[in-house]
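Residues per chain are reported as follows:
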Amino acid sequence: MSLDQKTSSTVIRTARDVHALLAEKGSQGTKTKAIIVLALGGIFMDAYDFSSLAFGITAVKEEFGLDPLMTGVVNAAIMVGSVVGAIFGGMLVDRFGRYKLFMADMAFFVVAAIGCALAPNEWVLIFFRFIMGIGVGLDLPVAMAFLAEFSKLRGSGSRSQRVNAWSPAWYIATGFGYLLVLAVFLLLPVAQHDILWRVVVGFGAVPAIVVLLVRRKYMAESPQWLADQGDLRGAVDVMRSHHGLEVELDPDAESARTKVKARTGHWRQYGELFAARYRLRTTAALCVSVFSTFGYNAVAYGTPLIIAMLFQQGPLVTILSALVINLGFGAAGGLLGVALINRVGARRMTIIGFAIQAASLLVLAAVGIPSGALVIIAIAMLAAFVFAQAGGPGANLMSYATLSYPTRLRGVGVGFNEAVKRVFSIVSLVFFPVLAASLSTGVFWIVALAPLAGLVSLLVIKWDPTGKDVDAEDQLS
C-alpha cells in the first residue's frame, strides 16, 4: 500500500493493504453509516421477534391450554430455529458474502411474524416460531460482520463500539415491543385482550418489510471479504463508493492477480476455531455467551412471567415494569457499555457485569415473594440485572464472538457461538417455567450460578478482543 503523490490516493496492491487501510481509516462516507444503521436495524428485528411473545405467553398458555412444559417449548421454538440458522448462516456468510445473506434473511421475519399471528393452535405457533428463529440465526452473523468490517480498529466509531451497539439496539427493540403492548392493551376493549399477543407478534412483519426495502438501496459487500476472495477491484470500488476513501488499484496487482483458493465457508473452519491460535479465544467467547445467556433468558426474557407469576402483580404493572426495565435500564446500560468499551475493555466490563448480576439474583432469592416496599426492591434488582447485562456480558458476548477472529473466520465464529448459546437458551426457556412453578422465587438461587460461573471463567482466561488487529495477525500467518 502506498500513496500516489499525483492523485493523493492510496494504491491497493494486496488484500493486506485493504485490511490495513480500513483498520486505520474505517469509513468516511454517509453510505457506510447507513450500512451500520441497517445492520443495527437487523438486530432490532431480531430482538423484537425474540421478545414479542414474552408478555403474551401467559395469554397463549391460557388460549391453548398449555402446561408448563409446553409453554417452555413454545418459548424455545425460536431458539431451536436460531441454532439451525446460526450454524448454516455462519458458514454461508463466509462463503457467499455478507450482502447476499443480509438481503435474504428478512423474508423469514415477514413470513414467520404473519404465521405466528394467525396460528390456530400451539403446533402452528411452534412451527412459525422455528422459522422466525432461522431468520435470527442467519441475520446475527452477517450483521456482526458488517458492524466490524465497516468500522475502524480503534478510536471513536471503533469496531468494539459498533459491535457493542448491538446491545442498546436490542433493548430499545425489546422496550419498543412492550410500548406497543401497552398501547394495544389500553386501546383494545378488555373483551379483546386475548388477541393482544397476536397483534404484537404480527406487527413484526411491518418493520421487517421496511428494513428489507431500504437495505436494497444502501447495502454493499464488505471490501475486506471481497479482498480475501481475491476480488481487489470489487474491494476498491466499495471503499470508494461507500467508505469515502481515495483509493485505486495498482494495475500490476490487477493484471497479475491469480485465482485465490477459497479459504472461507467450509465446515472444516468450525474445527479451526479450536486450533492453537483461537482455542482460548473460542473458550472465552463461549463462556461469556453461555453463562450470560442462561441468566438473560431466565430473567430478562422471562421478566413478564417473573413479575406476573412470582411477584403476583397484575397485567398493567407487569407491562409497565417490563417496559421501564428494558427501554430504560437495558438501553441505558447498553449505551454506557458503548461509551466505555474503548477505555475499559470487554473483559473488565464483562467481569463487572457478571458480579452485579450475581448480587442481584442473590438478593431476589433472599427476598422471596415480595410485598409492599419489597416489590420495588425486587423489580429494582431485575432492573440492575438487565442494566449489567446490557453493558457487560450481554454486550461483550458479541465482541468476543466477532472480534476474536479475522474476516475469513468471522461468520463461522459468530455462527458457532450463536448456535451453542441458543442451545443453552433452549434449556433455560424450557425449564425456567417448570422450575419457577415448582420452586417459586427459590429459582433465583439456581440462576445465580450462571453469572458466578461466568465471573470465574473470565478471571481465569485473560483474552480481551478490544482493539486487537486479528486480520493483520492472520495475514502474517
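Numbering of residues starts from 1 in each chain and follows the order in which that chain's sequence is written. This being a predicted model, a pLDDT of at least 70 is required before a residue's local features are given, and a value of 80 or more before pairs of side-chain atoms are given or counted; all residues contribute to the totals for chains, interfaces and linings. Calculated side-chain values reflect all of the structure's heavy atoms, with hydrogen atoms and water omitted.

Q: Please provide a residue-by-residue account of the overall build of the chain, values included.
A: Per the convention used, a helix needs a DSSP run of H or I reaching at least four residues, while a strand needs a run of E reaching at least two, with both numbered from the N terminus. On a plain count of helices and strands, the chain comes out with 25 helices and three strands. A globule of 477 residues ought to have a C-alpha radius of gyration of about 23 Å, and the chain, at 22 Å, matches this closely. Once the C-alpha set of the chain is aligned to its principal axes, its extents read approximately 75 × 45 × 35 Å. Within the chain, the proportion of its 477 residues that are buried is 62%. The long-range share in the chain, meaning contacts at least 24 apart out of those at least 6 apart in sequence, stands at 84%. On the chain, roughly 17600 Å² of surface is accessible, and the fraction owed to carbon and sulfur atoms is 69%. In this tally Asp and Glu are treated as negative and Lys and Arg as positive; neither His nor the chain ends contributes. Charge positions are represented by NZ for Lys, CZ for Arg, CG for Asp and CD for Glu. Computed over 38 positive and 30 negative side-chain charges, the inter-centroid distance for the chain is 4 Å. In this description the radius of gyration comes from C-alpha coordinates, and the expected globular size is given by 2.2 Å times residues to the power 0.38. Note on classification: 1.4 Å probe, protein chains only; a residue is buried when its accessible area is under 20% of the maximum for its type, exposed when over 50%, partly exposed between these limits. Contact criterion: two residues are considered in contact whenever any of their non-hydrogen atoms come within 4.5 Å of each other. Throughout, the Shrake-Rupley method with a 1.4 Å probe supplies accessible areas, and for residues the shown protein chains are the sole cover considered.

Q: An account of the pattern of salt bridges is needed here, citing residue identities and associated values.
A: A pairing counts as a salt bridge when a side-chain nitrogen of Lys or Arg comes within 4 Å of a carboxyl oxygen of Asp or Glu. Taken as a whole, this structure holds 13 salt bridges when the rule is applied. Of the charged contacts, one joins Arg-98 and Asp-94 as a salt bridge, the two residues approaching to 3.0 Å between their closest N and O atoms. Like Arg-98, the residue Asp-94 is buried in the burial classification. Its salt-bridge partner being Glu-149, residue Arg-410 comes within 2.9 Å of it at the nearest N-O pair. Taken together, the residues span a long stretch of sequence, with Arg-410 in helix H22 (residues 407-439) and Glu-149 in helix H7 (residues 122-149) at a distance of 261 residues. Here the two residues Arg-410 and Glu-149 agree in accessibility, since each one is buried. Through salt bridges with shared partners, one network takes in Asp-94, Arg-98, Glu-149, Arg-410 and Asp-471.

Q: Can you explain the packing of helix H9 (residues 166-187) against helix H10 (residues 196-203)? Please cite residues and give values.
A: An axis is simply a line fitted to the C-alpha atoms; with a helix, the fit covers only the stretch in contact. Between two such axes, the angle follows the N-to-C directions and lies from 0 to 180 degrees. Closest axis-to-axis distance for the H9/H10 pair is 10 Å, and the angle between their directions is 140 degrees. The orientation of H9 relative to H10 falls into the category oblique. Between H9 and H10 lies a crossing of right-handed hand. Residues Phe-176, Gly-177, Leu-180, Val-181, Val-184 and Phe-185 of H9 pack against Leu-196, Val-199, Val-200 and Phe-203 of H10. Angle categories are assigned with fixed cut-offs, so that under 35 degrees is roughly parallel, over 145 is roughly antiparallel, 65 to 115 is roughly perpendicular, and the rest are oblique. A crossing counts as left-handed when the near helix is turned anticlockwise from the far one by less than a right angle, and as right-handed when that turn is clockwise.

Q: So what about a nonpolar patch on the surface? Which residues, and what values?
A: Residues with no salt bridge and a relative accessible area higher than 30% make up the patches, which join like charges within 9 Å and nonpolar side chains (Val, Leu, Ile, Met, Phe, Trp, Tyr) within 5 Å. A grouping of Leu-69, Leu-362, Val-427, Phe-431, Val-434, Leu-435, Leu-439, Trp-445, Ile-446, Leu-449 and Leu-452 is seen on the molecular surface, where their side chains present a nonpolar patch of about 910 Å² in accessible area. Elements with a minimum of two residues in the nonpolar patch: H22, helix H23 (443-447) and helix H24 (449-460). The biggest single contributor to the nonpolar patch is H22, with five residues. Judged by its relative accessible area of 46%, Phe-431 falls in the partly exposed class.

Q: Let's hear about the side chain of Thr-71: which residues, and what values?
A: In this structure, Thr-71 sits in helix H4 (residues 68-96). Here Thr-71 is in contact with Ile-57, Lys-61 and Leu-66, once residues within four sequence places are set aside.

Q: Can you break down the packing of aromatic side chains residue by residue, with the values?
A: Aromatic rings from Phe, Tyr and Trp, with only the six-membered ring used for Trp, were paired whenever their centres fell within 6.5 Å, and each pair was classed as stacked if the ring planes differed by under 30 degrees, edge-to-face if by over 60, and tilted otherwise. Enumeration according to the criterion identifies 12 aromatic pairs in this entry. Judged by centre distance (5.1 Å) and plane angle (80 degrees), the ring pair of Phe-127 and Phe-128 falls under edge-to-face. Arranged with centres 6.3 Å apart and planes meeting at 55 degrees, the rings of Tyr-270 and Phe-416 form a pair that is tilted. Of this pair, Tyr-270 sits in helix H15 (residues 268-272) while Phe-416 sits in helix H22; the two residues are 146 residues apart in sequence, bridging distant segments of the chain. By relative accessible area, which is 17% here, Phe-416 ends up buried. The rings of Phe-44, Tyr-48, Phe-176 and Phe-203 are connected pair by pair, giving a single aromatic cluster. The ring centre of Trp-463 lies 4.2 Å from the NZ or CZ of Arg-281, which sits over that ring. A ring is considered to have a charge above it if a Lys NZ or an Arg CZ atom is located within 6 Å of its centre and within 35 degrees of its normal. The aromatic ring of Trp-463 is capped on one face by Lys-468, whose charged end is 5.4 Å from the ring centroid.

Q: Account for the environment of Gly-90, naming residues and giving values.
A: As for its position among the elements, Gly-90 is in helix H4. The exposure class of Gly-90 is buried, given its relative accessible area of 0%. C-alpha separation for the pair Gly-90 and Leu-335, spaced 245 residues apart in sequence, amounts to 27 Å. Discounting residues that sit within four places of it in the chain, Gly-90 has contacts with Gly-85, Pro-141, Tyr-270, Gly-411, Val-412 and Gly-415.

Q: Can you explain helix H13 (residues 232-241)? Please cite residues and give values.
A: Along H13, the residues classified as buried are Leu-232, Gly-234, Ala-235, Val-236, Val-238 and Met-239. Those residues of H13 that are buried are in contact with strand E2 (9-12), helix H1 (15-25), helix H12 (223-228) and strand E3 (247-249).

Q: Break down H4 for me, citing the residues and quoting the values.
A: Multiplying 1.5 Å by the helix residue count minus one yields the expected span of that helix. Here H4 spans 41 Å end to end across 29 residues, near enough to the 42 Å set by a 1.5 Å rise per residue. Think of it this way: the bend at a residue is just the angle between two axes, each fitted to seven residues, one set ending at that residue and the other starting at it. The largest bend along H4 measures about 40 degrees and falls at Ala-76. Looking one or two places after H4, you find Gly-97, whose phi comes out positive at around 105 degrees.

Q: Tell me about the environment of Ser-9, and name the residues and values.
A: Here Ser-9 shows up in strand E2. Accessibility expressed as a relative area gives 2% for Ser-9, which makes it buried. When the C-alpha atoms of Ser-9 and Glu-246 are compared, they prove to be 4.8 Å apart, with 237 residues separating the residues in sequence.

Q: Which residues make up the environment of Leu-286, and what are the values?
A: Mapped onto the fold, Leu-286 is located in helix H16 (residues 279-299). Taking relative accessible area as the criterion, Leu-286 reaches 16% and is therefore assigned buried. When the C-alpha positions of Leu-286 and Ala-322 are compared, they lie 28 Å apart, and in sequence the two are 36 residues distant. When neighbours within four sequence positions are excluded, Leu-286 is seen to be in contact with Phe-274, Phe-416, Asn-417 and Val-420.

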